[in-house]
Amino acid sequence: MKKVQSRRLAGVSLAVMAGGLAATFPFHTTSAVGLLLHGGFEAGLVGGLADWFAVTALFRHPLGIPIPHTRLLPRNRGKVTDALVSMIETHLLNKESIEARIASFHLTSKALDIAAAEIQRAEVQAAISGVLKDAVWSFSWDPYLPWMQDELASLAAGVDPKPLLTIAADEILNSRHDETALDFMLGKAEQWVLLEETRKLFGNMSIRAIERIELQGMMAFAVNAFLGFVNEDKLGSILQNLLLSNIESLRTEGHPNREKLLGAIRREVDAMRDSEGLLAALEGWKAKLIGALLTPERLTSVLGGLQSKLLEALEQPDFVARYIVPLVSRYIDKLRGDDAALAASDRWVRGKIMHYVEENHSLIGRLVRENVDKLDDETLIAMIEDKAGNDLQWIRVNGAICGFLIGVVIEGVRLLIV
């Protein structure tokens, strides 16, 4: 609307100057005022026409006549585009100005603020949960099994069993597991001794042992008399009662026999700390255990179970809010308080951005050139006139007014001189 008004005003100014010139013709020789006005309108008409010519010549041939040095913008379009690209690349968006502008931004702090805010949103948490589910579900352990086998085997092989023996010995002695084990074994022994089959076994073994003894004289007579007095059942009962009596003495707290046996057991337990034989046995057992546990099948089964458990956990609606969000929030707070880390991160980000700018800075000018080249002459002229046409029309108005004033001044000076 303003463009139409300013163009109309420019036309009106020319019309006024032309009308004024025609109206003052009868008076320019008879009246000083008529002379002044005539001179002003004449100069204003010349100034308005000259500025109309100049403004029009920028974009097209005035009145369609191909006058030299008119239609300047279309004829020099390439130079204008080159100048525009050069101005943008060299002055407006040069690498130094971009770097200076980026240097004023605290990029990492801004990114952390955005991350801290966004991670609290339910939509973001749902997206994180989906990404984690996809990652866990699609993850395959197969490429990593040989490496895991080697690492776990190396870790297990490096375990020294000697501290385990020391821990076991201390636990046995301090917690009196030796007494517990002894009482357990004595209980089992008592159960076995009380069996009918055990009593018969004792009797049979005793009779056979006595019969194998080779004796002569009175000793042979006494033994044979004894055998005639007892049988297998009696001998088995005697031995059974004898063993039960000894077992009972070993089970009695404070009994000398029990204390002696416990003392011997404790010495053996204490000695196992440095037992080379036991250490060698443990090393062999450890090697067999590693070979049995760290098979690809067993590792796959264990890791697959862990993967399933993790997927079940991720199905919980609040998993991300309970575990992931606090973890990320703590890390963000930690980074916010680490000025050195923030500065280093900013330097790294700026370096990456400037590296990209260095490699692609010419694309700015190329993009400007391509966009300008897409426009035909008429479209380009229309765009310029749309943005600057109002001011261009005011040049014509100002030319007419200034010409009028200058014409009045010139005629006034001429009157004074004459």
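In the block above lies the structure referred to throughout.
Reading the values: the criteria
Residues numbered from 1 in each chain as written. Predicted model: local features only at pLDDT ≥ 70, side-chain atom pairs only at ≥ 80, totals over all residues. Heavy atoms only, no water. Helix = DSSP H or I, 4+ residues; strand = E, 2+ residues; numbered from the N terminus. Rg over C-alpha atoms; globule rule 2.2 N^0.38 Å. Buried < 20%, exposed > 50% of the residue type's maximum accessible area, 1.4 Å probe, protein only. Contact = heavy atoms within 4.5 Å. Areas by Shrake-Rupley, 256 points an atom, 1.4 Å probe, with all protein chains shown as cover. Lys, Arg positive; Asp, Glu negative; His and termini not counted. Charge placed at Lys NZ, Arg CZ, Asp CG, Glu CD. Salt bridge = Lys/Arg side-chain N within 4 Å of Asp/Glu carboxyl O. Axes fitted to C-alpha atoms, helices over the stretch in contact; angles between N-to-C directions. Parallel < 35°, antiparallel > 145°, perpendicular 65-115°, else oblique. Nonpolar A, V, L, I, M, F, W, Y, C, P; charged D, E, K, R; others polar. Phe/Tyr/Trp six-rings, centres within 6.5 Å; stacked < 30°, edge-to-face > 60°. Expected span 1.5 Å × (residues − 1). Left-handed = near helix turned anticlockwise from the far one by under 90°. Core = buried A, V, L, I, M, F, W, Y, C linked by side-chain atoms within 4.5 Å. Polar contact = N/O pair within 3.5 Å; in protein donor to acceptor, adjacent residues only side chain to side chain. Patch = residues over 30% accessible without salt bridge, like charges linked within 9 Å, V, L, I, M, F, W, Y side chains within 5 Å.

A few words on the overall build of the protein chain. When helices and strands are counted, the protein chain shows 20 helices and 0 strands. Whereas a compact globule of 418 residues would reach a radius of gyration of roughly 22 Å, the protein chain reaches 56 Å, over 25% beyond that. If you line up the protein chain on its principal axes, its C-alpha atoms span 195 × 40 × 40 Å. A burial count over the protein chain gives 26% of its 418 residues as buried. Considering only contacts in the protein chain between residues 6 or more positions apart, those separated by 24 or more positions represent 77%. As displayed, the protein chain offers around 27600 Å² of accessible surface, 65% of which is attributable to carbon and sulfur atoms. Between the centroid of the 45 positive side chains of the protein chain and the centroid of its 53 negative side chains there is a distance of 7 Å.

This part takes up the environment of Arg266. Secondary-structure assignment places Arg266 in helix 14 (residues 256–271). On a C-alpha basis, the gap between Arg266 and Asp178 in space is 7.3 Å, while along the polypeptide they are 88 residues apart. Excluding anything up to four places from it in sequence, Arg266 contacts Leu173, Asp178 and Glu179.

In this section: the pattern of salt bridges. Opposite charge on two side chains permits pairing when their charged atoms draw close. Under the criterion given, the structure shown has 17 salt bridges. When the shortest N-O distance is used, the salt bridge between Glu179 and Arg176 registers 2.7 Å. For Glu179, a relative accessible area of 10% corresponds to the buried category. Where Asp318 meets Arg322, a salt bridge forms, and the shortest distance between an N and an O atom there is 3.7 Å.

What follows concerns the packing of helix 13 (residues 232–251) against helix 14. At a minimum axis separation of 6 Å, helix 13 and helix 14 run at an interaxial angle of 70 degrees. In terms of orientation, helix 13 lies roughly perpendicular with respect to helix 14. From helix 13, Ser249, Leu250 and Arg251 reach across to helix 14, where they touch Asn257, Arg258 and Leu261. Residues belonging to the contact of helix 13 with helix 14 are distributed by class as follows: 2 nonpolar, 2 polar and 2 charged.

Turning to its location among the elements, Pro74 is positioned in helix 3 (residues 72–75). Residue Pro74 is classed as buried on the basis of its relative accessible area of 12%. Sequence separation of Pro74 and Asp377 is 303 residues, and the distance between their C-alpha atoms is 6.1 Å. Ignoring sequence-local partners within four residues, the contact set of Pro74 consists of Leu58, Phe59, Asp377 and Ile381.

Inspection of the entire model under this criterion finds 5 aromatic pairs. Measuring from centroid to centroid gives 4.9 Å for Phe139 and Trp141, while their planes differ by 80 degrees, and the two rings are edge-to-face. With a relative accessible area of 35%, Phe139 lands in the partly exposed category. Owing to a relative accessible area of 26%, Trp141 belongs among the partly exposed residues under this scheme.

Here the focus is the side chain of Thr198. Residue placement: Thr198 occurs in helix 11 (residues 196–211). When its relative accessible area of 2% is taken as the criterion, Thr198 is described as buried. Apart from the residues within four sequence positions on either side, Thr198 is in contact with Trp192 and Val193.

A separate point is helix 13. End to end, helix 13 covers 28 Å across 20 residues, agreeing with the expected 28 Å (1.5 Å per residue, within 8%). Within the sequence span of helix 13, burial applies to Leu235, Gly236, Gln240, Leu244, Ile247, Ser249 and Leu250.

Within the secondary structure, Ala292 sits in helix 15 (residues 276–293). Sequence separation between Ala292 and Leu278 is 14 residues, and the spatial gap between their C-alpha atoms is 21 Å.

Next up on the list: the packing of helix 10 (residues 177–193) against helix 14. At a closest axis distance of 10 Å, the pairing of helix 10 and helix 14 adopts a crossing angle of 120 degrees. With respect to each other, helix 10 and helix 14 are oriented oblique. Judged by the twist between their axes, the crossing of helix 10 over helix 14 is right-handed. Between helix 10 and helix 14, the contacting residues are Asp178, Glu179, Leu182, Asp183 and Leu186 on the first element and Arg258, Leu261, Leu262, Ile265 and Arg266 on the second. Considering only residue class, the contact of helix 10 with helix 14 consists of 5 nonpolar, no polar and 5 charged.

Attention now moves to the nonpolar core. Counting residues in hydrophobic clusters, the biggest one holds 8 residues: Leu182, Leu186, Val193, Phe202, Leu244, Ile247, Leu250 and Leu262. Elements supplying a minimum of two residues to this core: helix 10 and helix 13. Contact partners of Ile247, with chain neighbours within four places excluded, come to Leu186, Ala189, Glu190 and Val193.

With respect to the helices, strands and loops of the structure, Asp346 is situated in helix 18 (residues 339–360). The buried charged residue Asp346 lacks any salt bridge, with Arg350 as its nearest oppositely charged partner at 4.5 Å. There is a polar contact of 2.7 Å between the side chain of Asp346 and the side chain of Thr108. With near-sequence residues (within four places) excluded, Asp346 lies in contact with His106, Leu107 and Thr108.

A surface patch of nonpolar side chains, about 320 Å² in accessible area, is lined by Leu9, Val12, Val16 and Trp394. The leading source of residues in the nonpolar patch is helix 1 (residues 2–24), at 3 residues. Tracing the backbone through its elements, the reader meets Val12 in helix 1.

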